[in-house]
Amino acid sequence: MISAHLGPYAQLPANKAEASKAFKHIEIDEAELRHCGHFEHGLRTRFEIAKADAWILLAIFWDNMQSPIHDHESSDCGFHVIAGEAEETRYKIVKDDLVKPIATRILKPGESAKSTGESIHSLGVPKGVAGQAITLHLYCPILGYDAMGIYREVDAADEIVVKSDKIQSRR
Ligand SMILES: [Fe+2]
């Protein structure tokens, strides 16, 4: 299945540019992919489709969950919605690991997006909606869950701390 879809890219230790080019043209059969991965309620499960020195191609099966707010360390990521709807929220740092949302969008099957290593986002099925989704992800270089920086959305109590710190720093 994989070599049929990735052609020479499945065999070569392709660099980032080659992998990114291949990702734009990749066509994955949804029914075939569903046989390879699985859903688990309240979790996201990963299925590794292909890997080279410079990249990894994963399918993520989302079942009624969103990822934590995270960055991608030094890895760039392209992702593509295969089935269901995915909601992505982008954040900016307020202070340390505290972030606030700056944009949210819904991606439908066939739609793609990319994020750089510095991007901070969360991804999953749309919040407040029971649902499942399958997304395809290309990470260059390879990214492990443990390597991601995790952030927390600022709340009202944190805002007070942040403001008081700014006041102190001006003195
Ligand atoms: Fe991500």
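Reading guide: rules and limits
- Residues numbered from 1 in each chain as written.
- Predicted model: local features only at pLDDT ≥ 70, side-chain atom pairs only at ≥ 80, totals over all residues.
- Helix = DSSP H or I, 4+ residues; strand = E, 2+ residues; numbered from the N terminus.
- Buried ≥ 20, exposed ≤ 12 C-beta atoms within 10 Å, placed from the backbone.
- Contact = placed C-beta atoms within 7 Å.
- Arc of directions from axis to C-beta.
- pLDDT = per-residue confidence, 0-100.
- Pairing = 2+ DSSP bridges.
- Core = buried A, V, L, I, M, F, W, Y, C linked by C-beta atoms within 7 Å.
- Axes fitted to C-alpha atoms, helices over the stretch in contact; angles between N-to-C directions.

(A) Summary view of the overall build of the chain. Across its full length, the chain holds four helices and 10 strands. When the helices and strands of the chain are placed in sequence order, the string is α-α-α-β-β-β-β-β-β-β-β-β-β-α. Relative to its 171 residues, the chain shows a buried fraction of 29%. For the chain, long-range pairs separated by at least 24 residues make up 72% of all intrachain contacts whose partners lie at least 6 apart in sequence.

(B) How the structure looks around helix H2 (residues 16–25). The complete set of buried residues in H2 reads Ala-19, Ala-22 and Phe-23. For H2, the arc enclosing every buried residue in end-on projection is 105 degrees, short of the 170-degree limit, so these residues lie on one face. Opposite the buried face of H2, by more than 90 degrees, sit the exposed residues Ala-17, Lys-21, Lys-24 and His-25.

(C) Spotlight on the confidence of the model for the chain. Averaged over every residue, the pLDDT of the chain is 85; the share at 70 or more is 84%. Below a pLDDT of 50 lies the segment residues 167–171, which in the model reaches zero contacts outside its immediate sequence neighbourhood of four places, other chains included.

(D) Representation of the pairing of strand S10 (residues 150–153). Pairing of strand S3 (residues 69–70) with S10, which is carried by two bridges, proceeds in the antiparallel orientation. Paired with His-70 across the strands is Ile-150, a residue of S10. Bridge count between strand S6 (residues 98–107) and S10: two bridges; the pairing is parallel. Opposite Val-99, over in S10, you have Glu-153 as the bridge partner.

(E) Highlighting the nonpolar core. In terms of nonpolar packing, the biggest core is built from 28 residues, with Trp-55, Leu-57, Ala-59 and Leu-138 touching the most fellow members. Of all the secondary structure elements, the ones that give two or more residues to this core are H2, strand S1 (44–51), strand S2 (56–63), strand S4 (76–83) and strand S9 (132–140). The element best represented in this core is S2, accounting for seven residues. Discounting residues that sit within four places of it in the chain, Ala-59 has contacts with Leu-33, Gly-37, Phe-47, Ile-49, Ile-134 and Leu-136. One finds Ile-69, Tyr-91, Val-99 and Tyr-151 within the second-largest nonpolar core, a separate group that totals five residues.

(F) Representation of the sheet that holds strand S7 (residues 112–115). Overall, antiparallel pairing links the five strands, which are arranged S1-S2-S9-S4-S7 in an open sheet. The two strands at the open ends of the sheet, each matched to only one other strand, are S1 and S7. The sheet shows a mean angle of 20 degrees between the axes of neighbouring strands, taken without regard to direction. When S4 meets S7, the two strands line up antiparallel, connected through four bridges. Residue pairing for S7: Cys-77 is matched across the bridge by Ser-115. Lying on the sheet, H2 is in contact with S4 and S9; it crosses S9 at an angle near 155 degrees.

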